[in-house]
Amino acid sequence: MTKIDDVARLAGVSTATVSRALRGLPTVSAATRRRVLAAAEQLQYAVSPSASRLAGGKTGTVAVVVPRITRWFFGTVVEAVEDYLHQNGYDLLLYNLGGREQTRQRVLRPASLHKRVDAIILVATPLRPADLTALTKLALPGVTISSGSGVPGWPRVRIDDVAAARTATRHLLDLGHTRIAHISGDPDDELAFTTHLDRRRGYQEALRAAGLRPDPSLDVESQFTVDGGTRATAELLARGEPPTAIFAACDEMAMGAMTALRDAGLRVPQDVSVIGIDDHDLAGVLGLSTIAQPAAEQGLLAARMLLDPLGGRVAGPYAGLVPAPRGAEADDGSPASVILPTRLVVRESTAPPRAN
């Protein structure tokens with residue numbers, strides 16, 4: 001394998017001169033540059049992209065931090081980010097917190113990220129004051145994907161969770177349901193972040209707009225998982241009269257609800273309607289009505305928003321897929337949130353309530 005030393009010997013110059021010549025720096029004379037280029041071509045020497053970036057003070061790498069990579073939403077976002085960054089010549093360094101506090105404390109500190117990455121994407125990662133201080137000290141560009149408070153100075157990509165929950169609940173109300181239960185996120189679950197609060201708020205707002213008072217006995221907290229939805233629904237059924245409809249804060253919870261209802265001898269939607277949020281890959285297979293959120297597009301847009309400050313070029317198959325929010329700022333001058341739309345997808349899991 002040809003090395004830069006071989007090119008330097010053949011051209012009769014130092015390795016530093018070869019490096020400057022191949023990088024196109026103006027400190028090399030035209031004659032020397034031609035000699036170096038001829039030697040490199042003769043020896044079929046190719047410049048290492050990573051070495052070239054490091055010489056320019058860049059790593060060519062973007063850090064992506066997620067709570068749990070095994071969840072559908074996070075996996076979909078990361079895949080989209082990686083694909084887009086790859087199309088633009090960047091690598092992805094994934095930090096999967098996995099619910100481990102030690103990992104979280106290690107990752108969200110300057111020593112872990114300094115000179116290892118050029119930018120950061122935080123995906124629904126809860127941040128403490130110490131984390132915000134550490135990220136500010138890094139002085140790296142970043143984007144957050146979440147409905148949380150975000151990082152000062154970083155733009156944010158998200159959906160309107162309150163509106164999504166309102167739409168889901170309103171769909172059930174429009175079908176004629178009045179006894180609507182809600183499976184919400186556990187505040188102690190890091191996956192819930194602030195999402196569960198926003199979705200509960202949308203659920204309650206829709207009920208009040210219909211003249212109904214939210215019933216605490218129809219609101220159960222659980223983890224954002226299939227098992228969490230199964231346990232929450234079993235608890236709902238144990239409380240007495242079952243609801244005629246369930247709005248779950250995510251599709252995986254809704255899938256668990258459908259399992260628990262089936263195990264209890266109840267039919268979906270004849271006995272109980274079920275709706276979630278996400279449009280999970282399995283939602284269509286299970287006939288689950290849901291509020292579809294553009295998970296991949298959130299990742300694509302976050303990656304795209306990073307490319308301008310990093311000097312990247314918008315290219316690849318996703319160029320133009322989502323509008324770049326350049327110049328968008330909030331009233332206080334901070335980068336504005338970009339809110340992507342959601343849509344109601346009606347499938348077989350929701351229907352009018354059975355007549356008494």
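Everything below is about the structure printed above this text.
Residues numbered from 1 in each chain as written. Predicted model: local features only at pLDDT ≥ 70, side-chain atom pairs only at ≥ 80, totals over all residues. Heavy atoms only, no water.

(A) Molecular detail of the nonpolar core. The biggest cluster of nonpolar side chains holds 35 residues, and the ones touching the most others in it are Ile180, Ile183, Ile246, Phe247, Met253, Val274 and Leu288. Elements represented by at least two residues in this core include exactly α9 (161–174), β6 (180–185), α10 (195–209), α11 (226–238), β8 (245–248), α12 (251–263) and β9 (273–278). In terms of residues, this core owes the most to one element, α12, which gives six residues. In contact with Leu288, other than residues within four places in its own chain, are Asp251, Ala254, Met255, Met258, Val274, Ile275, Gly276, Ala283, Arg347 and Ser349. Judged by nonpolar contacts, the second largest core, of 30 residues, contains Ile121, Val157, Leu301 and Leu340. (Core = buried A, V, L, I, M, F, W, Y, C linked by side-chain atoms within 4.5 Å. Buried < 20%, exposed > 50% of the residue type's maximum accessible area, 1.4 Å probe, protein only. Helix = DSSP H or I, 4+ residues; strand = E, 2+ residues; numbered from the N terminus. Contact = heavy atoms within 4.5 Å.)

(B) Representation of the pattern of salt bridges. Within the structure shown, the criterion is met by 12 salt bridges. Linking Asp271 and Arg354 is a salt bridge whose minimum nitrogen-to-oxygen distance equals 2.8 Å. One end of the pair, Asp271, is in the loop between α12 and β9; the other, Arg354, is in the segment after β12 (343–345), and 83 residues separate them in sequence. Judged by its relative accessible area of 16%, Asp271 is buried. Two residues, Arg347 and Asp279, come together in a salt bridge whose shortest N-O distance is 3.0 Å. Residue Arg347 is found in the segment after β12, and its partner Asp279 is found in the loop between β9 and α13 (283–286); the two are separated by 68 residues along the sequence. (Salt bridge = Lys/Arg side-chain N within 4 Å of Asp/Glu carboxyl O.)

(C) The pairing of strand β11 (residues 337–340), seen in detail. By the alternation rule, side chains of β11 split into Val338 and Leu340, which are all buried, and Ser337 and Ile339, of which none is buried. Note: strand β5 (residues 156–159) against β11, four bridges, orientation parallel. Directly across from Ile159, in β11, lies its bridge partner Leu340. (Pairing = 2+ DSSP bridges.)

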